[in-house]
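A look at the structure
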Amino acid sequence: AKVDMEGFEIALHQQRMRSKKDASKKVGDWRVVHSGMEVDFVGYDQLSVAEAKILKYRSIDQKGKQIFQLVLSRTPFYAEGGGQVGDTGYLKVGNQEIQVLDTQRENDLIIHKVDQLPSDVKADVFAQVDVKRRKKIERNHSATHLLHAALREVLGTHVHQKGSLVSEKYLRFDFSHFEKIKEDDLLQIENLVNRKIRRNIERVEDRAIPIEQAKEKGAMMLFGEKYGDEVRVITFDPDYSMELCGGCHVPRSGHIGHLKITQETSVASGIRRIEALTGQAAQDFVQEEEQALREIRRLLKNPQDVVQSIEMLQEENKELQRTIEQWQNQKASGLKDELVGSAIALEGFQLVVQKVEVSNGKTFKKLAHELLDELDYPVIVLGAEIDGKAQLIVAIEKQLAEKKNWDAGSIIRDVAPLIQGGGGGQPFFASAGGKNPAGIDKALERAKQVFYNE
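Everything numeric here is computed off the predicted structure, so don't read it as measured data.

1. A word on unusual backbone geometry
In terms of backbone geometry, most residues other than glycine have negative phi values and most peptide bonds are trans. Even without being glycine, Asn200 reaches a positive phi, approximately 55°. Examined against the element boundaries, Asn200 turns out to sit in the loop between α3 (183–198) and β14 (204–210). In this structure, Tyr377 is a non-glycine residue whose phi angle is positive, near 45°. Within the secondary structure, Tyr377 is located in the loop between α7 (361–374) and β21 (378–386).

Right, here's the structure in full:
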């Protein structure tokens, strides 16, 4: 069987990060306030509750900061799960208002992460979810179901969910697929989802039905996921989207407003990822793109065909680049002839030491190689300032380097500190870069002494 090494490395990195995070966290023991009561989650039907009780609490010290975790007898707060982020909001205990920073699940407990402990932990609690944030999350979660169905309809039934993130800002959906999605297919998927949104399909919720009944209905189940005897099924048109899901959803698909796919990428072998926006966030994204297009039109003097104008500019740029390259080659050729003429004949070799003016590193290296070809038993030491940084090259004819036991790499490492840089290479060709162009002359002089002292 083929091992998904890329997926393994991603999972391993995530586990290491969790371990590192947990290592810096000190969790206190639970302190029971009210016993004999079970946790009642009411967040599917209401976003606030009154007269809840604190069943227990504990403190957590993390990076020198203390926070608290509370368990309530009744709560409208959805705990992170199934890709959906946990709710935020506030608790009111008497006149004290306490911010709920996050909601997590631990076994059968719904845990509220808060910034402070109520002064009276036995008092009644009013719990209020951040409604605006929850509504955004619901839009993104329901859109994820519609997107999943659209992917299967357009790409094929081999598509299965492999992971998701549903937050108030955006949705992310990972799924099995063997290649990058074509632009036409991506547009078809987006259009299909938006048609379902415009139909304003009513959400049908089967809150606690036997899992066998859900299977008979044809509900989509995640491969490898463990389900209980009773499950919750969310349906937006039984012929289109029916999934087992414990998350929060809009009452009708029209509440999503609009879906805009912003990115499609690969995350592992055989797994693709789509990121998308809904509602106001989708509208804002489209308006920002339109504004960018208007600015492009303005810069291009409002052409009728923007794409054609850009293509013409790209072609003009290529032609200019070719012209510049030809000019640079001519200049480099003249420079090469000048350097050949400056070569100093020493015992058994010719030495060129010079600071030169070149426009880029490619031309710089090409010049050194051309000098090696042009001269008899050459030793080339060149310096240049390119884009405000220092560049050095030491090049020695191979046979000469072996005969004299010279090492261009050692020489370049010796002089590189003078340009506040580093480098290396082979015995016959080495280079260095640094941030101090003012040191080029000293570096050239030190390198030259190696050969003069020979």
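2. Here's the deal with the packing of helix α2 (residues 131–155) against α3
Two elements in contact, α2 and α3, have axes whose closest approach is 9 Å; the angle formed by their N-to-C orientations is 135°. The angle between α2 and α3 falls in the class oblique. The interaxial crossing formed by α2 with α3 has right-handed handedness. Taking contact as the criterion, the partners of Leu146, Leu147, Ala150, Leu151, Glu153, Val154 and Leu155 in α2 are, on α3, Asp185, Gln188, Ile189, Leu192, Val193, Lys196 and Ile197. Tallied by class, the residues present in the contact of α2 with α3 amount to 10 nonpolar, one polar and three charged.

3. Remarks on the pairing of strand β6 (residues 65–72)
On any regular strand, side chains alternate: one points to one face of the sheet, the next to the other face. Burial of β6 is extensive: six of the eight residues sit out of reach of the surface. Alignment of strand β5 (residues 54–62) against β6, held across eight bridges, turns out to be antiparallel. The partner of Asp61 across the bridge, within β6, is Gln66. Between the antiparallel neighbours β5 and β6 lie two residues, among them Lys63 with a positive phi of about 55°. The sheet contact formed by β6 and strand β10 (residues 109–114) spans four bridges and is antiparallel. Within β10, the residue paired with Phe68 across the bridge is Val114.

4. Examining the sheet that holds strand β22 (residues 389–396)
If you walk across this open sheet you meet the six strands as β19-β20-β21-β22-β24-β23, and the pairing is mixed. In the strand order of this sheet, the two ends are held by β19 (344–346) and β23 (421–426), each with one partner. Neighbour-to-neighbour, the strand axes of the sheet open up by a mean angle of 15°, direction not taken into account. Sheet analysis places β23 next to strand β24 (residues 429–434), joined by six bridges and oriented antiparallel.

5. Looking at the packing of aromatic side chains
Aromatic ring pairs are reported here in terms of the distance separating the ring centres and the angle at which the planes meet. One pass over the full model with this rule turns up six aromatic pairs. Geometrically, the ring pair formed by Phe41 and Tyr44 is edge-to-face, given 5.1 Å between the ring centres and 85° between the ring planes. Residue Phe41 is classed as partly exposed on the basis of its relative accessible area, which comes to 23%. Overall, Tyr44 belongs to the partly exposed group, its relative accessible area being 27%. Feature note: the residues Phe41, Tyr44 and Tyr78 constitute an aromatic cluster, connected by ring pairs.

6. Re the nonpolar core
Membership of the largest hydrophobic core comes to 29 residues, with the highest contact counts inside it found for Leu147, Leu151 and Ile189. Put simply, the parts of the chain that give this core at least two residues each are α2, β13 (171–176), α3, β15 (230–236), β17 (259–268) and β18 (271–278). Looking at this core, the element that brings in the most residues is α2, giving eight residues. In contact with Leu147, not counting residues within four places along its chain, are Leu171, Phe173, Ile189, Val193, Ile261 and Ile274. With 24 residues, the next largest nonpolar core counts Phe349, Val379, Ile419 and Ala432 among its residues.

7. Comments concerning the pattern of salt bridges
The full count for this structure, using the stated rule, is 24 salt bridges. Its salt-bridge partner being Glu212, residue Lys215 comes within 3.7 Å of it at the nearest N-O pair. Of this pair, Lys215 and Glu212 both sit in helix α4 (residues 211–217), three residues apart, roughly one helical turn. What makes Lys215 partly exposed here is its relative accessible area of 46%. For Glu212, a relative accessible area of 48% gives the class partly exposed. Each of Asp45, Arg203, Glu205, Arg207 and Arg232 takes part in one network of salt bridges that share partners.

8. What to know about α2
Here α2 is 25 residues long and its end C-alpha atoms lie 36 Å apart, about the 36 Å a rise of 1.5 Å per residue gives. Among the 25 residues in α2, 19 count as buried, and that is most of the element. Its side-chain oxygen 3.4 Å from the backbone nitrogen of Lys132, Asp130 forms the N-cap of α2.

9. Considerations on the side chain of Asn140
One can find Asn140 in helix α2. Excluding its chain neighbours within four sequence positions, the residues that come into contact with Asn140 are Val166, Ser167, Glu168, Lys169, Tyr170, Leu171 and Thr278.

How each quantity is defined
- Residues numbered from 1 in each chain as written.
- Predicted model: local features only at pLDDT ≥ 70, side-chain atom pairs only at ≥ 80, totals over all residues.
- Heavy atoms only, no water.
- Helix = DSSP H or I, 4+ residues; strand = E, 2+ residues; numbered from the N terminus.
- Axes fitted to C-alpha atoms, helices over the stretch in contact; angles between N-to-C directions.
- Parallel < 35°, antiparallel > 145°, perpendicular 65-115°, else oblique.
- Left-handed = near helix turned anticlockwise from the far one by under 90°.
- Contact = heavy atoms within 4.5 Å.
- Nonpolar A, V, L, I, M, F, W, Y, C, P; charged D, E, K, R; others polar.
- Buried < 20%, exposed > 50% of the residue type's maximum accessible area, 1.4 Å probe, protein only.
- Pairing = 2+ DSSP bridges.
- Phe/Tyr/Trp six-rings, centres within 6.5 Å; stacked < 30°, edge-to-face > 60°.
- Core = buried A, V, L, I, M, F, W, Y, C linked by side-chain atoms within 4.5 Å.
- Salt bridge = Lys/Arg side-chain N within 4 Å of Asp/Glu carboxyl O.
- Expected span 1.5 Å × (residues − 1).
- Polar contact = N/O pair within 3.5 Å; in protein donor to acceptor, adjacent residues only side chain to side chain.

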